[in-house]
Amino acid sequence: MVNLLKAASLKSIAEQTRLTLQMMVRMIRILFKLTPAKMTFLSAAQISTAIIPVLQVYVTIELVHRTERVIQDGSSQFGPAFTILLYQLLLFLLQLALEVYVDFLVNKIKLAALLHFGQEVNQKSSRLSLLHFENHEFYDLLQRVSTGLEYRGMQFFQSFLQIAKNLITIAGFVIVLLGFHWLLAFGILLLIVPSLYIDIKESGFKVSQFVNQTPFRRRSIYFSSLLTEREWAKEVRIFGLADYFIQQWRKYTRQNGQEQIDLERKMSIFKVAVNGFLLVMVTLISGFLLTLAAAGAMTIASFVALIQTIFSVQTNLKTMAVYIAGIYEQALYTTDLFRFLAMKEEESDDTPKLPLPASLEHGISVKNLEFVYPTNGRTILRDISFEVSMGEKIAIVGENGAGKSTLAKCLLGLYQPTAGTITYNGIPLDQMDTNEFRERVTAIFQDFAQYQLTLRENIGVGHVEWMQEEARLQAAAAKSGVDDFFHELSEGFDTELGHKFFGGHELSHGQWQKIAISRAFFRDSDIIVLDEPTSALDPMAEAQLFEHIAQLTKGKTTFFISHRLGICRAADRILVLKDGRLVEQGSHDELMALDGEYAGMFRTQAEWYQ
Ligand SMILES: Nc1ncnc2c1ncn2[C@@H]1O[C@H](COP(=O)(O)OP(=O)(O)OP(=O)(O)O)[C@@H](O)[C@H]1O
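Keep in mind it's a predicted model, so treat the numbers as computed, not measured.

Check the secondary structure of the chain and you find 20 helices and 10 strands. A globule of 610 residues ought to have a C-alpha radius of gyration of about 25 Å, yet the chain, at 35 Å, is considerably larger. Seen through its principal axes, the chain has C-alpha atoms that stretch 120 × 55 × 55 Å. By residue count, 45% of the 610 residues in the chain fall in the buried class. For the chain, the proportion of contacts with a sequence separation of at least 24, taken over those separated by at least 6, is 76%.

Here you go:
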């Protein structure tokens, strides 16, 4: 720890201070912009409470004076002494009222901050490229910025106000002390330096520890969720995993907790030393006061009040050091927040984006497409080229891991190709207005969403503006086979689905998949991508769906990925991927005649049905 403290040079404190001031100004500006009136009242109320302790010193001096007179002259002096007691009561009541008011304002501002920063973080997450979600460091950062958002700005501002308040109080006390002897004031001011230094250092260590511990904290949360969430409950029981997961959870939780305790322990040695030094200094200053009293430089009343003042200053200094350290800590967390909010969004450059033409008569063209996952640097798609005419039904097939889903994500603009181009009607995907493009495409993935919401919302999110249109909902439900179990839903489209809220109606996996498919139909877009759309459907439902798909997607360009090669017969063209390369393409009959990769896979599957 000594080395740690040495390493934390004054230069790094200066750098930390610059960053802290920068973050503080930025954050406080945002809060004033969000709730100008409340922030102004809060500042005024906090500053008013700062003056009260200084007034209390004068009231105490006066009270001791008048009490002396009561002792000397008897009950005739009772009235004036009582008046001072009343003043004291009034000051306490005023302080109480201000504190209650401050609490109320703080809660209001905290809510405004939570709504503001929560929205910013959520909005940013939704606008970042999908690739960030493949990166563990991104999840670490996301976890750090989403924790305690309501406190971020407010703790900053409150610490700032508390420091200002304490400074005003200390300044008042220093003026009181100066009235007696300059040395008293000087000695008191000297006390601030060591406690401030040690607290700022501690905050720096705590934040870097918090950052370093994030992956382990996420691990511990993950193990806890494995034990508490329904998704995993079956396997945990069948495989008897509870003990193992609890052990793992304990391991990470204990490791982080122990490191924190170790840091506290090491810091506490320094803190005890510094605080011990402060107490010795306070005693010396009090001793000096005693010598002043002995020299007849002050009355008993002043002596009592000044002793009280010196101890109050010491408490105030300690509090202030804690708040200053808190500000440094907040600044480091806030840096994370602003870094996250400044991350480059999917569509961040200012070059004007091209609109997607109403008719896509020139079709889709993929040329020399290559894709490398940045997370592991592996080339997943290489040199893929093909053309698709509007209205064509394209099946994409291949073994597990061949790159089918990755290709679908590239076609949808969710992943940017590392090399090569994808054009829609001659316009490269990266030059197109993303929002407009996404309005024209729809996709259902293997891991489709099961929204724990009503059936209306589950289908309606395909096109939010149409969510209340019963006829459209019914049509989409009929096309995907949701009709088959609609009668089981007590509230029709307004039935809550899923187990998470309001005792919702739980569905089978295949029923959820039908709903996901109706969402795609509900959107009514020009281009449809279905990534294994029928994996959970029974053979009858699958056959029905494919009959429907042919009609429903009439005039629409459809890509469907499937391992069930039987349904590929319905496709106009089949693209066969192998190890990230396009090895064959053609109709079912053409590929069977070619007797290559596809024919081999088809025959193997067919054997199972014979
Ligand atoms: N997020 C990722 N980061 C790194 N590599 C990935 C990621 N997702 C997939 N891969 C790798 O890319 C390759 C292709 O995966 P992809 O999901 O596109 O295959 P697929 O043909 O759709 O497979 P399946 O039939 O099993 O669904 C696999 O080798 C996989 O390991």
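Another point: the UniProt feature "transmembrane region" (unreviewed entry) in the chain. Feature annotation in UniProt places "transmembrane region" (unreviewed entry) on residues 41-61, 82-102, 167-193 and 274-307, given in this structure's numbering. What you have in residues 41-61 is 100% helix and 0% strand, and the ends, taken at the C-alpha atoms, are 31 Å apart. With 85% helix and 0% strand, residues 274-307 has end C-alpha atoms that lie 21 Å from one another.

Mapped onto the elements, Arg144 comes out in helix α5 (residues 136-146). Along the sequence, Arg144 and Cys568 sit 424 residues apart, while their C-alpha atoms lie 46 Å from each other. Apart from residues no more than four positions distant in its own chain, Arg144 is found in contact with Arg152, Phe210, Val211, Thr214, Asp336 and Arg339.

Right, let's talk about unusual backbone geometry for a bit. Positive phi, normally seen in glycine, also occurs at Asn368, with a value near 45 degrees. Mapping Asn368 onto the fold places it in strand β1 (residues 364-372). Residues other than glycine seldom take positive phi values, yet Asn425 does so here, at roughly 55 degrees. Checked against the element boundaries, Asn425 lands in the loop between β4 (419-424) and β5 (427-428). Given a relative accessible area of 12%, Asn425 falls into the buried group.

Overall, the coordinates contain 20 aromatic pairs when judged by the stated rule. Geometrically, the ring pair formed by Phe216 and Tyr252 is stacked, given 6.3 Å between the ring centres and 15 degrees between the ring planes. With Phe216 in helix α8 (residues 192-228) and Tyr252 in helix α10 (residues 242-294), the pair connects residues that are 36 residues apart, well separated along the chain. The partly exposed category is assigned to Phe216, whose relative accessible area is 32%. Among the residues examined, Tyr252 registers a relative accessible area of 13% and is labelled buried.

Let us look at the sheet that holds strand β8 (residues 557-561). Strand order in the open sheet made by the 6 strands is β6-β7-β8-β3-β9-β10, with mixed pairing throughout. The sheet terminates laterally at β6 (441-444) and β10 (581-586), the two strands that pair on one side only. Averaged over all pairs of adjacent strands, the angle between their axes in this sheet comes to 15 degrees, without regard to strand direction. Where strand β3 (residues 393-398) and strand β9 (residues 573-578) come together, 5 bridges link them in parallel fashion. Bridge pairing in β9 links Ile396 to Leu575.

Below, the discussion takes up the nonpolar core. By size, the foremost hydrophobic cluster in this structure holds 69 residues, and its most contacted members are Leu42, Val121, Phe157, Ile310, Leu337 and Phe340. Only α2 (10-34), α3 (36-73), α4 (78-127), α5, α6 (149-178), α7 (182-190), α10 and α11 (300-341) provide two or more residues apiece to this core. Beyond its immediate stretch of four places on either side in the chain, Leu337 contacts Met27, Phe117, Val121, Val145, Leu149 and Arg152. Of all hydrophobic cores here, the second largest spans 37 residues; its members include Ile394, Leu414, Ile427 and Leu582.

Glancing now at the site of the ligand. The immediate surroundings of the ligand are formed by 16 residues, with Glu134, Asn400, Lys404, Thr406 and His563 found nearest. For the ligand, a nitrogen atom lies 3.3 Å from a polar atom in the side chain of Tyr373. Within the contact set of the ligand, a nitrogen atom lies 3.5 Å away from a side-chain nitrogen or oxygen of Asn376. Ranked by residues supplied to the shell around the ligand, first place goes to helix α12 (residues 404-411) with 3 residues.

Together, Phe78, Phe82, Leu85, Leu86, Tyr87, Leu89, Leu90, Leu93, Leu96 and Val100 line one region of the surface with nonpolar side chains, adding up to about 1,000 Å² of accessible area. Assignment of secondary structure puts Tyr87 in helix α4.

On to the sheet that holds β5. Across the sheet, 4 strands lie side by side as β2-β1-β4-β5; this open sheet has antiparallel pairing. The sheet terminates laterally at β2 (379-388) and β5, the two strands that pair on one side only. Both β1 and β4 contribute to a ladder of 5 bridges, which runs antiparallel. Each bridged residue has a counterpart across the sheet, and for Ile364 the counterpart in β4 is Tyr424. The sheet contacts of α12 involve β1, β2 and β4, and relative to β2 the element is tilted by about 60 degrees.

The subject of this paragraph is the packing of α8 against α10. Taken N-terminus to C-terminus, the directions of α8 and α10 make an angle of 175 degrees; their axes are 9 Å apart at the nearest point. Here α10 runs roughly antiparallel to α8, going by the angle between their axes. Counted by class, the contact of α8 with α10 contains 18 nonpolar, 10 polar and 8 charged residues.

Within this structure, the stated rule accounts for 19 salt bridges. Notably, a salt bridge pairs Lys271 with Glu202, separated by 3.0 Å at the nearest N-O pair. A residue pair is termed long-range when its members are at least 10 positions apart, and Lys271 in helix α10 and Glu202 in helix α8 qualify at 69 residues. On the accessibility criterion, Glu202 (5% relative accessible area) is buried.

Quick notes on the rules
Residues numbered from 1 in each chain as written. Predicted model: local features only at pLDDT ≥ 70, side-chain atom pairs only at ≥ 80, totals over all residues. Heavy atoms only, no water. Helix = DSSP H or I, 4+ residues; strand = E, 2+ residues; numbered from the N terminus. Rg over C-alpha atoms; globule rule 2.2 N^0.38 Å. Buried < 20%, exposed > 50% of the residue type's maximum accessible area, 1.4 Å probe, protein only. Contact = heavy atoms within 4.5 Å. UniProt positions renumbered as here; feature names shortened; annotations may be inferred. Phe/Tyr/Trp six-rings, centres within 6.5 Å; stacked < 30°, edge-to-face > 60°. Pairing = 2+ DSSP bridges. Axes fitted to C-alpha atoms, helices over the stretch in contact; angles between N-to-C directions. Core = buried A, V, L, I, M, F, W, Y, C linked by side-chain atoms within 4.5 Å. Near = heavy atom within 4 Å. Polar contact = N/O pair within 3.5 Å; in protein donor to acceptor, adjacent residues only side chain to side chain. Patch = residues over 30% accessible without salt bridge, like charges linked within 9 Å, V, L, I, M, F, W, Y side chains within 5 Å. Areas by Shrake-Rupley, 256 points an atom, 1.4 Å probe, with all protein chains shown as cover. Salt bridge = Lys/Arg side-chain N within 4 Å of Asp/Glu carboxyl O. Parallel < 35°, antiparallel > 145°, perpendicular 65-115°, else oblique. Nonpolar A, V, L, I, M, F, W, Y, C, P; charged D, E, K, R; others polar.

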